[in-house]
Amino acid sequence: MASKTWASFIIPLAAVALLATGCSDSSKGGGSPSTAGAAVAVPGESAEVNAKFQALYKQALAGGENKVVVYRDACTTEQLKYDKAFSDRFAGIAVECVPQAVAVSTSKIQAEASAGQRVADVYLAGSNGILAVTQDPKLCAAPTVFAAELPKDLVSHDGRQLIYGKSGFGFIYNTDKVSEADAPKSWSDLLAPRWKGKLTVGSPLVAGGPRQVLANMLIPDNQEKFGKGYLTKLAAQDVQLTKEAAVASDVASGRFEVGLIVIQSFYTNVKGKGGAVGFVFPMKDGNYLVQLAACRINGAPHANAADLYVNWLFSGEGQELQATILGAYGALPDAPGPAGAPSLKNLSQLARLPVPSTEAYEPYYNELKQIFH
C-alpha cells in the first residue's frame, strides 16, 4: 500500500461527539440501526482497502457481532471518544471498553482461555505489559492487516503483537503552585531540594508505565546517565507511590505539585475537565515512548468485528485520531503526533531492550523493589 497523505485525514475535534466517562453501553449499538450495514468508506483509503473493510463489516453484522469487547488499562473520556469514532464509522458495532490493570487483564484472558469461555475480543496495552499474552499462541491470534503495510518493527511474536501507536510520558505539574518557568524540565531537575516530598508517581512495584520507564533506566545502555545511583537519589526525594491513573488527578487537586511518568492521554483527560495542570516532556536527558500494542484474542467471540477494529487502528483515520483525540503518536512511519508535542525525530528517547520475553526485565523489576521499597 502506498504511503498515506496524512493531511487528508484531519478530523476536527468538534465533529467527534462527546461521551460521558465510563464504559460504553453496548446495548445502544454503534449507530442508528437504520444505517447499520450501509456502505462504508474510511477516509483516505483506496477502493481496494475500503472493499475489504466493507466485506469484513458485512461478515460481522451477518454473524450478529454487534460489539467488540476491548480490555485496556483505562476507559478515559478520550479513549471512549476514540472508540465512538470507530462505532460511528461502522454503525451497529459498539466498542465495549473494560478498564482494569494490566495484570488483571492478563490473568482474566488466561482464565477465560482455560475455561473455554472467552469474553475479550481485543487486548490493548503497552508492548511490555501485553507480552505475557502475545507470547502464547493459545491466547492471541495473528489477524490479517490490510489497512496498511506494517514495518517489521511494528510486528512481533509471529504477528500476534501489533504496535498501533506510541505515547510519550512526561511530568505534570499544578499550575496554581508551580510556574511554567519553575516546572522541572529534566530528570536531573527532580533531584533539587525544592521537590522533596512534593512528587508523586505511579508505583513502579506493579506492572504499568512507570515501572517500565524506571526499569529502562537500569538497563546497561542507560547505566552511565541514570542507573541505580540516580534512582536511589530520586527515591530519597520521598516520592509518593500511588496508582498510575491517580497521579494526574492528585496533581490537579493540589495534593502534590508534580507528578512523574504521566502518559499524555492522562494529562489531556484531566486538562479537558478544567484541571489546573501543565505538562512537560523531559527532553534534555531522555524520554520514553510506550509502544501501544494490540492483541486480537484467539477464539474471540466477535472475531470479524475484532479484525475490523484492529484494521481500523491502522487506517489513516485511526492513526490520525491517535493524535487528535488520544494525544499519542501514530505508529506508522508518516503518522502525525499530538499537537504541541515534539516530533519523534526531535524527541530524545531512552534506550531500551529490544522486544523481549517478560523474563528479560525481571532483574530490573526486582531492583526497583529494592530501591522503592
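I will try to describe carefully the structure that is included in this document. (Residues numbered from 1 in each chain as written. Predicted model: local features only at pLDDT ≥ 70, side-chain atom pairs only at ≥ 80, totals over all residues. Heavy atoms only, no water.)

Here we take up the pattern of salt bridges. A full pass over the atoms with the stated rule returns 11 salt bridges. The salt bridge partner of Arg255 is Asp250, with a shortest N-O separation of 3.5 Å. Given the relative accessible area of 12%, Asp250 is considered buried. Between Arg296 and Asp307 there is a salt bridge; the shortest N-O distance is 2.8 Å. In this pair, Arg296 is assigned in strand 11 (residues 289-297) and Asp307 in helix 9 (residues 303-313), connecting sequence segments 11 residues apart. Within the structure, one salt-bridge network assembled from shared partners comprises Arg194, Lys198 and Glu257. (Salt bridge = Lys/Arg side-chain N within 4 Å of Asp/Glu carboxyl O. Buried < 20%, exposed > 50% of the residue type's maximum accessible area, 1.4 Å probe, protein only. Helix = DSSP H or I, 4+ residues; strand = E, 2+ residues; numbered from the N terminus.)

It is worth spelling out the layout of surface pockets at this point. One number sums up the size of the largest pocket: a volume of about 1100 Å³. Of all the elements, helix 5 (residues 209-216) adds the most residues to the lining of the largest pocket, at 4 residues. The residue inventory of the lining of the largest pocket, partitioned by class, reads 24 nonpolar, 17 polar and 7 charged. (1 Å grid on protein atoms, 1.4 Å probe; cavity = no way out; pocket = protein on both sides within 12 Å on 5 of 7 lines; lining within 4 Å. Points joined across faces, edges and corners; volume = space filled by probe spheres on them. Nonpolar A, V, L, I, M, F, W, Y, C, P; charged D, E, K, R; others polar.)

We now examine the environment of Ala339. By the element assignment, Ala339 lies in the loop between strand 12 (329-330) and helix 11 (362-371). The exposed category is assigned to Ala339, whose relative accessible area is 78%.

In this section: the nonpolar core. Judged by nonpolar contacts, the single largest core of 111 residues is most densely connected at Tyr123, Leu231 and Tyr309. When near neighbours in sequence (up to four residues on either side) are disregarded, Tyr123 contacts Tyr71, Val102, Ser105, Thr106, Ile109, Gly129, Ile130, Val133, Ala293, Ala294, Cys295 and Ile297. (Core = buried A, V, L, I, M, F, W, Y, C linked by side-chain atoms within 4.5 Å. Contact = heavy atoms within 4.5 Å.)

As enumerated under the stated definition, the model contains 15 aromatic pairs in all. Ring centres of Phe53 and Phe146 lie 5.0 Å apart, and the angle between their planes is 75°; on these two criteria the pair is classed as edge-to-face. Placement of Phe53 in helix 1 (residues 47-62) and of Phe146 in the loop between strand 4 (140-141) and strand 5 (155-156) is noted, with a sequence separation of 93 residues between them. Each of the two residues, Phe53 as well as Phe146, counts as buried. Ring centres of Trp187 and Phe226 lie 6.5 Å apart, and the angle between their planes is 85°; this geometry places the pair in the edge-to-face category. Within this pair, whereas Trp187 is found in the loop between strand 6 (161-174) and strand 7 (199-202), its partner Phe226 is found in the loop between helix 5 and helix 6 (227-235), the two being separated by 39 residues in sequence. With a relative accessible area of 6%, Phe226 lands in the buried category. One aromatic cluster is present, formed by Phe53, Tyr57, Tyr82, Phe86, Phe90, Phe146, Tyr309 and Trp312 through successive ring pairs. The ring of Trp195 has Arg194 lying over it, and the distance from NZ or CZ to the ring centre is 4.2 Å. (Phe/Tyr/Trp six-rings, centres within 6.5 Å; stacked < 30°, edge-to-face > 60°. Lys NZ or Arg CZ within 6 Å of the ring centre and 35° of its normal.)

A few words now on the state of the cysteines. In the structure shown here, the tally under the stated rule is 2 disulfides. One disulfide in the model links Cys75 with Cys97; its S-S distance is 1.9 Å. Note on the Cys75 and Cys97 pair: the S-S dihedral is about -95°, so by sign convention the disulfide is left-handed. In this pair, Cys75 is assigned in the loop between strand 1 (67-72) and helix 2 (77-89) and Cys97 in strand 2 (residues 94-99), connecting sequence segments 22 residues apart. With respect to class, Cys75 is no different from Cys97; both count as buried. At a sulfur-sulfur separation of 1.9 Å, the disulfide partner of Cys140 is Cys295. Between Cys140 and Cys295, the disulfide has an S-S torsion of -110° and is therefore left-handed. Linking Cys140 in strand 4 with Cys295 in strand 11, this pair joins segments that are 155 residues apart in sequence. (Disulfide = S-S within 2.5 Å.)

Packed helices, taken two at a time, are described by the angle their axes make and the gap between the axes. Running from N to C, helix 1 and helix 9 cross one another at 150°; their axes reach a closest spacing of 8 Å. Considering their axes alone, helix 1 and helix 9 lie roughly antiparallel with respect to each other. Note that helix 1 runs across helix 9; the crossing there is left-handed. Between helix 1, through Phe53, Leu56, Tyr57, Gln59 and Ala60, and helix 9, the contact on the second element is made entirely by Asn304, Ala305, Asp307, Leu308, Asn311 and Trp312. Class assignment of the residues belonging to the contact of helix 1 with helix 9 gives a composition of 7 nonpolar, 3 polar and 1 charged. (Axes fitted to C-alpha atoms, helices over the stretch in contact; angles between N-to-C directions. Parallel < 35°, antiparallel > 145°, perpendicular 65-115°, else oblique. Left-handed = near helix turned anticlockwise from the far one by under 90°.)

Notably, His157 is not glycine yet its phi reads approximately 55°, a positive angle. A relative accessible area of 22% places His157 in the partly exposed class. Of note, the phi angle at Asp238 is positive, near 55°, even though the residue is not glycine. For Asp238, the location among the structural elements is in the loop between helix 6 and strand 8 (240-242).

In this section: the pairing of strand 11. Among the 9 residues in strand 11, 9 count as buried, and that is most of the element. Neither face of strand 11 is exposed, since Leu289, Gln291, Ala293, Cys295 and Ile297 on one face and Val290, Leu292, Ala294 and Arg296 on the opposite face are all buried. Inspection of the sheet shows strand 3 (residues 122-126) paired to strand 11 by 5 bridges, in the antiparallel sense. Note on strand 11: the bridge partner recorded for Gly126 is Leu292. Pairing geometry for strand 4 and strand 11, over 2 bridges, is antiparallel. Paired with Ala141 across the two strands is Arg296, which belongs to strand 11. (Pairing = 2+ DSSP bridges.)

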